[in-house]
Structure formats: C-alpha cells, structure tokens
Amino acid sequence: EGIVVDHTDSHKIAQQSASNLLSDCKESASKQLLNGGENAEDILDNLADCVKSGIAKQIESANEEITFQAHVRKNMAGLLENYTCADEGLNTTEPRDEYEWEGRE
C-alpha cells in the first residue's frame, strides 16, 4: 500500500501516442461533421491527412532520437577502446569467473 508502479515500455508508449493522435484527428473530423460545411469525402481526406502528418512527425522524432543514441554509443566506444586497449601492460584485477559461451571455444 502506498506504492504504485506503472511500467511503460516502447510498445505501450507507441500505443498511447497513436491513440492520442487518432483521438485528436477524430475530434477534428467530428467538428467538421457537426459544422456540416464539407462533404463526407472531404472530411475523410482531412482525417487521413491529419493522421499522416502526425505519424510523419512521430517518425521524424524517433529518427532524431535513434541518430542521437547512435552518436553517443560511437563516442563511448572510442573512449572505452582507448582506455582498455591502449596499454597492454595495464594492471587489471583478476577475473571473478572465467567461462566459455556455449558453442564457442
């Protein structure tokens, strides 16, 4: 009691984002229907355009995040490689455990 845990993962976030986008677009289409100023085909076209535009923005944002993360990983790899490989005589601690992966020699 007193602690609430809400686990979110990329699938749940994507579902919520898609649901919000669709809800906004449906609300816009409903307003157009209530105003009666356009025919059904125009309203459907506007709904499709709304969804396409929203998806394009989300994909662009996801691509920017992927690019950023890839850049960070590459920079980290260069730093770690130099740290671990530059001095072959570097004193290191003894391993706690040594084992072979299955199927590897």
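Residues numbered from 1 in each chain as written. Predicted model: local features only at pLDDT ≥ 70, side-chain atom pairs only at ≥ 80, totals over all residues. Heavy atoms only, no water.

**A few points about helix α1 (residues 10–35)**
Think of an α-helix as turning once every 3.6 residues; residues three or four places apart then point the same way. For clarity, the cut-off: Strands are runs of DSSP state E lasting at least two residues, helices are runs of H or I lasting at least four, and both sets are numbered from the N terminus onward. The span expected for a helix works out to 1.5 Å for each residue beyond the first.
End to end, α1 covers 38 Å across 26 residues, agreeing with the expected 38 Å (1.5 Å per residue, within 8%). Gly-36 occupies a position one or two residues after α1 and carries a positive phi of about 65 degrees.

**Quick notes on a negative patch on the surface**
Counted only if it meets this: Each patch is built from residues that are more than 30% exposed by relative accessible area and take part in no salt bridge. Like charges join if they lie within 9 Å; nonpolar side chains (Val, Leu, Ile, Met, Phe, Trp, Tyr) join within 5 Å. We get accessible surface area from the Shrake-Rupley algorithm with a probe of 1.4 Å; when it comes to residues, only the shown protein chains can shield them. Any Lys or Arg side-chain nitrogen found within 4 Å of a carboxyl oxygen on Asp or Glu counts as a salt bridge. A residue counts as positive if it is Lys or Arg and as negative if it is Asp or Glu; His and the chain ends are not included. Charge placement uses NZ in Lys and CZ in Arg. For Asp and Glu, CG and CD serve respectively.
Together, Glu-38, Glu-41, Asp-42, Asp-45 and Asp-49 make up a negatively charged patch on the protein surface. Within the fold, Glu-41 resides in helix α2 (residues 40–85).

**Overview of a nonpolar patch on the surface**
A surface patch of nonpolar side chains, amounting to about 380 Å² of accessible area, comprises Phe-68, Val-72, Met-76 and Leu-80. If you trace the backbone, Phe-68 turns up in helix α2.

**As for the environment of Leu-21**
Note the cut-off: Residue contacts are counted whenever heavy atoms from the two residues lie within 4.5 Å of one another.
When you line up the elements, Leu-21 lands in helix α1. Here the alpha-carbon distance between Leu-21 and Ser-61, two residues 40 residues apart in the chain, equals 14 Å. Ignoring sequence-local partners within four residues, the contact set of Leu-21 consists of Cys-50, Val-51, Gly-54, Ile-55 and Gln-58.

**So, the state of the cysteines**
Note the threshold: Cysteine sulfurs are considered disulfide-paired once they come within 2.5 Å of each other.
Applying the stated criterion to the full structure yields one disulfide. Across the disulfide from Cys-25 sits Cys-50; the S-S distance is 2.0 Å. Sign of the S-S torsion, about -80 degrees for the bond between Cys-25 and Cys-50, identifies this disulfide as left-handed. Separated by 25 residues along the polypeptide, Cys-25 in helix α1 and Cys-50 in helix α2 bring together distant segments of the chain.

The analysis is restricted to geometry; functional conclusions fall outside its scope.
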